[in-house]
Amino acid sequence: MNTVLELKTANDPAQALVSCLQKLLTEKAVDLVMAPGYNPHSALPMPTLFADPAAMSSADILTPAAPFNAARQAASLIRQPAGKQLALVLRPCEIRALIELTKLNQCSLDNALIIGLDCLGRIENKILKTLQTDQENFSLRFWQNPDLQRHITKTCASCVQFIPINSDIRVHLIGYDLSTAIGLSSGTEKGLATLKHIDPSVTAENTSAAIEIEQLRQQRLQRREALMQETEEKLGVMEDFQAMIADCLNCYNCRTACPVCYCKECVFLTDVFRHPPEIIFRRCQKNSLLKLPPDTTLFHITRMTHIGHACVECGHCSSVCPSDIPVADMFRAVSARVQEAYHYQPGADVAEPIPTLCFDTELP
Amino acid sequence: MTVPKSDILISGGGIAGIRSALTLAECGLNVLLVENSPAVGGMLLQLDHQFPNNNCGLCRLLYSADRDNCEQTCLRKGLFHSHIRILTRSAIQSVEGSVGRFTVRISTVPGGIDPERCTGCGSCEAACPIETPDPFSNGLKHRKAVYLPAPHSMPDQRVIDWKACTQCGDCITACPADAIHPTALAETETIHEEQTAAIMLFPGLKLYNPALTDLYQYGKNPNIITSVAFERWLSSTRIISDENTDNSNNSMVLPQKIAWVQCVGSRNLNFGTDICSSACCMISLKQAVLTRQKFGPDIQLTVFYMDLRTYQKTYQQYRDQAEQEFHVNLIRSRVHSIEPGPGHNDLYISFVTPEGTRQEEVFGIAVLACGNHPEPPYPQITPQEGIFIADHEGIRDIAETMIHSTAITSRVIRLLAKSGVLKPTFSGDIKKLEPAFGSGQSYGSYSSTLIIGGGAAGLRSGLVIAQAGLPVTIIEQQPALGGGYHNFHDPELKRNMEQMIQAAQHHELIQIHAPASVIAHQGFAGRFETRILENQVEILIRHGAIILATGARSVSTDYPGNGLHERVITQFELEQRLTQPDFWASQPSQVVMLQCVGMRQPPRNYCSRICCLKSLKLALTIKEKSPETEVVIFFRDMMTYGSSERIYHQARRQGVIFMPYIPNHEPQLKLEQGKPVVQGYDPVLQEEVRLTPDWISLAVGLVPFPTDNLSRILGIRCDSYGFFEASDPKWRPLESERTGVLIAGCARAPLRFEEALLEGEAAAAAALQLLWKPRLKSARQSPQLRPALCSVCLACIKACPFQARIINPELYRIELNPAACQGCGLCAAVCPNSATIMPDQADQDAIFDLLEN
């Protein structure tokens, strides 16, 4: 395990990867593959489930598009054993979310083969549509052209966890000249067994990749810290927080986009928040005015309370906000504190218990 | 015959009395609790923090089964139970009659304030001109002659201290509610009679008064204080000023150095106390740790001790933590004297170092760890059947108090059942399972108790329950009952065990399965179903409670020195050899005993409790039969707590040589020319000693019998050593996290034989308390489940401390077991979308008001 094997790409890394996945399907190493791909009517690559190797030609593994965090969809496919083995091609933040969902009993990884991709970041859907003039080569151009890479989201640009962990197979992309080769390594026995089907011939050491990854990490870390500081300054007291979310419509987009917000039905849709008018009036009278819809503050705070510890920093909540509230910045700043307090790293280890569910009788 | 108004009268409202009162009340009996002082709670009201977790936990005294009979409130406020009547400021004057029909004369000193009128405003206290030393703070503070008995008393009504009151009448004028009448201002003791079937007396503890000797200069220097005073000093309402404002009555200066002086009034024949008070070592360690936590790293903390008696299961770890993490300086030395120091109120403490040199050191505060001062309790009462007096030697820590008082309670129930005064109200086992029941509803239960393990604790609890009239099933893994008894060599213990085995075998309410083992288990308090395997036959046992008494055994091979030489043996082997003539025929000239072999250090970082006493007894036997034989005991701390200290004394008098050692400097065992040699260090001579004894006895300690299997089947946690873990080691030492599953004897922690018997009795009382009544009641308030909203994330199952939630695999949804549920609401708290809610959640809107504007 952990040995990086080299997969020759012959100027078409996307195709090389697709071939690997096709091979897994043909050789029945897996029954289904979930990977980004073009659908008959979609303008962007969407997470797509493939059963037929022939159909996999429309897959676009290297795309910078991630219309949403695919973890929830992946989890729904492995919610309970259904007699099929699935290969799930995912970004690092999607894998982290999937691990958190596993801990929450929303899925089981028994029938899943996680193929994790090195990630340079994603581009917002709208921007991507304007940039992506030709579908054919855009993904490779993105990987090779730093100018295009500047378009990634603010959260991605300050993400330091861009190398997948907990994947059965990791696809090494950063630090590779994709036109000639990419790396493949296994993180588990399952991954190791599967790699034998793909059978990349050469074992090659790519020392420059590690250096490049570290450089990128440092760069990102600086940005992350700056952004965190900036947000923390803005967050300050409750009034600052309320100013930040003043434009919230309670559309719940952020909640829907959040991969670890796992409830079947959100508490904000239940009777708990279906206030009788008198209550609303009373609250209005108390403060002489009441912003409608009510409970926006409580909504965000509740989400932070429920899943702050599990935030994988994918940034999708910001992407979907119609009011351009920096939800992700805000969430990340709070979550980082929560995670630090509990020494908890979401998505790091499926066996690590959720901190709020642990009793520590030894606490002084 | 007069019908008793109360079934049991308990005198002494400390935690022991409260515990017994609660156990009896839960059995459905009416209890009258008589307390001398104005508030129940005893000494614990003065102690805010308890080792080993350093929090309070007083409320854990309240039972979890059938809890709705009792107000679930902080016990510092008071005790409120529908079956318990409380008389404060009252004392027993005389007792007449016999078991079943006692007449007790009780005198009550009035509080002086009309409880019907008092609003608790405190104007009287403000108006009172008297200042008198406050016994609650051990004299550190002053209070008025009209005062609140305890800081949190409920209702918050004050009482008058008649000794201090000058009857000036200022309080009468000040009271806006006319709650103090002019006529009330006179101490008019009232006397009335109570009828009761049995009487329990808990004299409580009286601490040694250090002013009785010049040695400690107590009372002459304000910075020499007792441990109770220090506890008040540490409390959140503490009387310390951080500034250097010198000694007014209300402040003390934070000192640079604090010393604890152990064994004040204990283990000292000069003071007439030849016993160890048992709990003071841990109390002082706790105070040192709390001081460190409160006042930071700069204070120097020193404990002067003779032996640090951390003999309970987790206390050795606590000591290690105190030393390593909290940098408490532990010095093995008896303090020679305390003298006035160089600065104002400074102190010179002179002591003899372990190396034998005398040293003097300046301290800011000396805390005297006062031991128990035994006094003959209740001279006005003649002991007789039906009157139970708690043993009052030493200080028991909370866990031991709980066990002791529950054990006595079981004797009360047994006596009353035997003498026909009371019968279990049990109406016979439920014939078939009733339909599902909800929260607050009662359900029929099985009357029998399953006891796993037929050793000392198991047999004793089985006998007690059977004698009280309820059926018992005992299963034992070995073919014969008795646990470790076959290895006993003490004739008295042997006889004791044989009697119990006989009694159990012949009791009609006791069924014995041996050899048998548990293979499956399900259910909840009152309705357990356990499958056992006996002779390859599966048997289903329906029972209402379980007592786990699987016991412990001596370490057999896994200890340093095992197999070194035929003359290097465990103390158990030595015990056996002493019964054989060849041992004496060889006329051994020297026997060396090593204590704590492989114990009190990871991975077995606990004291086994039996070894020190056993070594002493063996040494005494040797000295008695062969006075010429030299006996040398290498020890870390002689764990002869309580009255076993007397044996230690005796051994010293008989000339047994004691050599202390510290971990990492253990005496070394080796072979030289085929003979075993002990190489140790004599701290007094400060040199190596090399002994070539005839026999070397190793105190190898106890380990639990394997518990993994039972732990898994029953869902009861084990600690890292494999002992079953109690839900609360202090307040519920015998209860597991599952209601109705009790732990007794060495399955819980290493114990001496008589302690295991006591735990057996106590566990029996806990089982009786559960099964005495025909029906159990589930908690009034339990959560509602809304499966349509539930994502089955299992958070609630993980969060539930009582295993009251289960997943129904067929419907794939969460279900609640109302019998196990305690209504704590943790499930609702962790549920993100209110798929579980607590009904009647008041003030749900509060949070909206808080956050929205």
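For the structure given in this document, a descriptive report is provided here. (Residues numbered from 1 in each chain as written. Chains lettered and ligands numbered in written order. Predicted model: local features only at pLDDT ≥ 70, side-chain atom pairs only at ≥ 80, totals over all residues. Heavy atoms only, no water.)

Some details on the overall build of chain A
Our working definition: Helix numbering and strand numbering both begin at the N terminus, where a helix is a DSSP run of H or I of at least 4 residues and a strand a DSSP run of E of at least 2. A radius of gyration in this sense is built from C-alpha atoms; the matching globule rule multiplies 2.2 Å by the number of residues raised to 0.38. Using a 1.4 Å probe on the protein chains alone, a residue whose accessible area is under 20% of its type maximum counts as buried, one over 50% counts as exposed, and one in between counts as partly exposed. In what follows, a contact means two residues having at least one pair of non-hydrogen atoms within 4.5 Å. Here, Shrake-Rupley sampling with a 1.4 Å probe gives the accessible areas, and only protein chains in the shown set may cover a residue.
Check the secondary structure of chain A and you find 15 helices and eight strands. At 22 Å, chain A has a C-alpha radius of gyration in line with the 21 Å of a compact globule built from 364 residues. For chain A, the spread of C-alpha atoms along the three principal axes comes to 75 × 50 × 45 Å. Per-residue burial over chain A gives 54% buried out of 364 residues. Put simply, 73% of the contacts in chain A that link residues at least 6 apart link residues at least 24 apart. Counting every atom, chain A has about 17000 Å² of accessible surface; 53% of that belongs to carbon and sulfur.

Observations concerning helix H15 (residues 753–771) of chain B
Which entries qualify depends on this criterion: What a helix is expected to span follows from its residue count: subtract one and scale by 1.5 Å.
Helix length check: H15 of chain B, at 19 residues, gives a terminal C-alpha distance of 27 Å against a target of 27 Å (1.5 Å per residue), a fit within 8%. Most of H15 of chain B is tucked away: 18 of the 19 residues are buried.

Examining the nonpolar core
Our working definition: We define the nonpolar core as a collection of buried residues of types Ala, Val, Leu, Ile, Met, Phe, Trp, Tyr and Cys that are connected through side-chain atoms lying within 4.5 Å of one another.
With 101 residues, the main nonpolar core has Ile8, Ile10, Leu79 and Met200 of chain B as its most contacted residues. The residues touching leucine 79 of chain B, leaving out its near neighbours within four places in the chain, are Ile18, Leu22, Leu33, Val40, Leu62, Cys70, Ile84 and Ile86 of chain B.

A few points about helix H4 (residues 227–234) of chain B
Taking burial as the measure, the eight residues of H4 of chain B include eight buried ones, the bulk of the element. Taken residue by residue, H4 of chain B has Ser227, Val228, Ala229, Phe230, Glu231, Arg232, Trp233 and Leu234 of chain B as its buried positions.

Concerning the packing of helix H13 (residues 296–307) of chain A against helix H15 (residues 327–342) of chain A
Each pair of packed helices can be described by the angle between their axes along with the distance between the axes. Residue and element names in this part refer to chain A. Condition: Note on method: axes are straight lines fitted to C-alpha atoms, helices fitted across the in-contact stretch only, with angles between N-to-C directions ranging 0 to 180 degrees. These descriptions rest on fixed angle ranges, namely under 35 degrees for roughly parallel, over 145 for roughly antiparallel, 65 to 115 for roughly perpendicular, and the rest for oblique. Crossings are sorted by hand: turned counterclockwise from the far helix by less than a right angle, the near helix makes the crossing left-handed, and turned clockwise it makes it right-handed. For this classification, the nonpolar set comprises Ala, Val, Leu, Ile, Met, Phe, Trp, Tyr, Cys and Pro, the charged set comprises Asp, Glu, Lys and Arg, and every other residue, Gly included, is treated as polar.
For the pair H13 and H15, the least separation of the axes is 10 Å and the interaxial angle reads 45°. Here H13 lies oblique to H15, going by the angle between them. Of the two elements, H13 crosses H15, and the hand of that crossing is right-handed. For the pair H13 and H15, contact is made by His300, Arg303, Met304 and Ile307 and by Met330, Phe331 and Val334, respectively. Counted by class, the contact of H13 with H15 contains five nonpolar, one polar and one charged residues.

Overview of the sheet that holds strand E17 (residues 335–340) of chain B
Residues and elements named next belong to chain B. Keep this limit in mind: Here, any two strands with at least 2 DSSP bridges between them count as paired.
Spatial ordering of the open sheet is given by E17-E18-E19, a layout of three strands whose pairing is antiparallel. A strand with exactly one partner marks an edge of an open sheet, and here the two such strands are E17 and strand E19 (358–363). In this sheet, neighbouring strand axes are inclined to one another by 20° on average, regardless of whether the strands run parallel or antiparallel. Across six bridges, strand E18 (residues 347–352) lies against E19 in antiparallel orientation. Note that in E19 the partner of tyrosine 348 across the bridge is valine 362.

Structural notes on unusual backbone geometry
Backbone torsion omega between leucine 292 of chain A and proline 293 of chain A reads -5°, so that peptide bond is classified as cis. For proline 293 of chain A, the position within the fold is in the loop between helix H12 (277–287) and H13. Look at the link from phenylalanine 51 of chain B to proline 52 of chain B: it is a cis peptide, with omega at 0°. Relative to the assigned elements, proline 52 of chain B resides in the loop between strand E2 (31–34) and strand E3 (84–87). For arginine 267 of chain B, which is not glycine, the phi torsion reads 50° and is therefore positive.

Section: the interface of chain A and chain B
It is common to report an interface's size as the accessible area lost on association of the parts. Stated precisely, the cut-off is as follows: Accessible area that two parts lose when put together, evaluated with a 1.4 Å probe and summed over both, is termed the buried area. Between Lys or Arg on one side and Asp or Glu on the other, a salt bridge is scored when a side-chain nitrogen of the former is within 4 Å of a carboxyl oxygen of the latter.
The partner chain B presents 28 residues to the 35 residues of chain A that form the contact. A buried area of about 2700 Å², summed over both sides, lies between chain A and chain B, and 55% of it is on carbon and sulfur atoms. The largest share of the area that chain A buries against chain B comes from Asn105, Lys264 and Leu357 of chain A, three residues that together contribute 20% of it. Remark: the boundary between chain A and chain B carries zero salt bridges. Partitioning the side of chain A that touches chain B into residue classes produces 17 nonpolar, 10 polar and eight charged.

Some words on the side chain of glutamine 339 of chain A
Residue and element names in this part refer to chain A. Tracing the chain through its elements places glutamine 339 in helix H15. For glutamine 339, a relative accessible area of 10% puts it in the buried group. Ignoring anything within four residues of it in the chain, the contact list for glutamine 339 reads Gly308, His309, Ala310, Cys311, Tyr344 and Pro346.

Points about the environment of leucine 540 of chain B
All names here are of chain B. Topologically, leucine 540 is positioned in strand E28 (residues 537–543). Using a relative accessible area of 33% as the deciding quantity, one classes leucine 540 as partly exposed. Through-space distance from the C-alpha of leucine 540 to that of histidine 521 is 9.4 Å; in sequence the pair is 19 residues apart. Setting aside its immediate chain neighbours within four residues, leucine 540 contacts Glu529, Thr530 and Arg531.

Some words on the side chain of serine 350 of chain B
Residues and elements named next belong to chain B. Formally: Any pair of N or O atoms that falls within 3.5 Å is considered a polar contact. Within protein, one atom must be able to donate a hydrogen and the other to accept it, and sequence-neighbouring residues count only if both atoms are side-chain atoms.
When you line up the elements, serine 350 lands in strand E18. Overall, the relative accessible area of 2% leaves serine 350 in the buried class. At a separation of 2.9 Å, a polar atom in the side chain of serine 350 contacts the side chain of serine 337. Apart from residues no more than four positions distant in its own chain, serine 350 is found in contact with Val335, His336, Ser337, Arg358, Gln359 and Glu360.

So, the packing of helix H1 (residues 13–26) of chain A against helix H8 (residues 189–198) of chain A
Residue and element names in this part refer to chain A. Between H1 and H8, the least distance of the axes is 9 Å, while the angle of their chain directions is 105°. Taken as axis vectors, H1 and H8 run roughly perpendicular relative to one another. Residues Cys20, Lys23 and Leu24 of H1 pack against Thr194, His197 and Ile198 of H8. Of the residues that constitute the contact of H1 with H8, the class distribution is three nonpolar, two polar and one charged.

Here we look at the pattern of salt bridges
Residue and element names in this part refer to chain B. All chains considered together, the criterion is met by 48 salt bridges over all chains. Notably, a salt bridge pairs glutamate 735 with arginine 19, separated by 3.2 Å at the nearest N-O pair. Here the residue glutamate 735 occupies a position in the loop between helix H14 (708–714) and strand E40 (741–743), and arginine 19 occupies one in helix H1 (residues 15–26), the gap between them amounting to 716 residues. Of the charged contacts, one joins lysine 313 and aspartate 719 as a salt bridge, the two residues approaching to 2.9 Å between their closest N and O atoms. Of this pair, lysine 313 sits in the loop between strand E15 (300–305) and helix H6 (315–324) while aspartate 719 sits in the loop between H14 and E40; the two residues are 406 residues apart in sequence, bridging distant segments of the chain. Residue class for aspartate 719 comes out buried when judged on its relative accessible area of 13%.

Remarks on the sheet that holds strand E20 (residues 365–370) of chain B
All names here are of chain B. Pairing is parallel in the open sheet, where five strands are placed in the order E11-E20-E14-E15-E16. Whereas interior strands pair on both sides, the edge strands pair on one side only; in this sheet they are strand E11 (224–226) and strand E16 (329–332). Here the strands of the sheet are splayed against their neighbours by 25° on average, with no regard to which way each runs. Pairing between strand E14 (residues 257–264) and E20: five bridges, direction parallel. Paired with valine 264 across the two strands is cysteine 370, which belongs to E20. Taken strand by strand, H4 contacts E11, E14 and E20, and its axis lies near 95° from that of E11.

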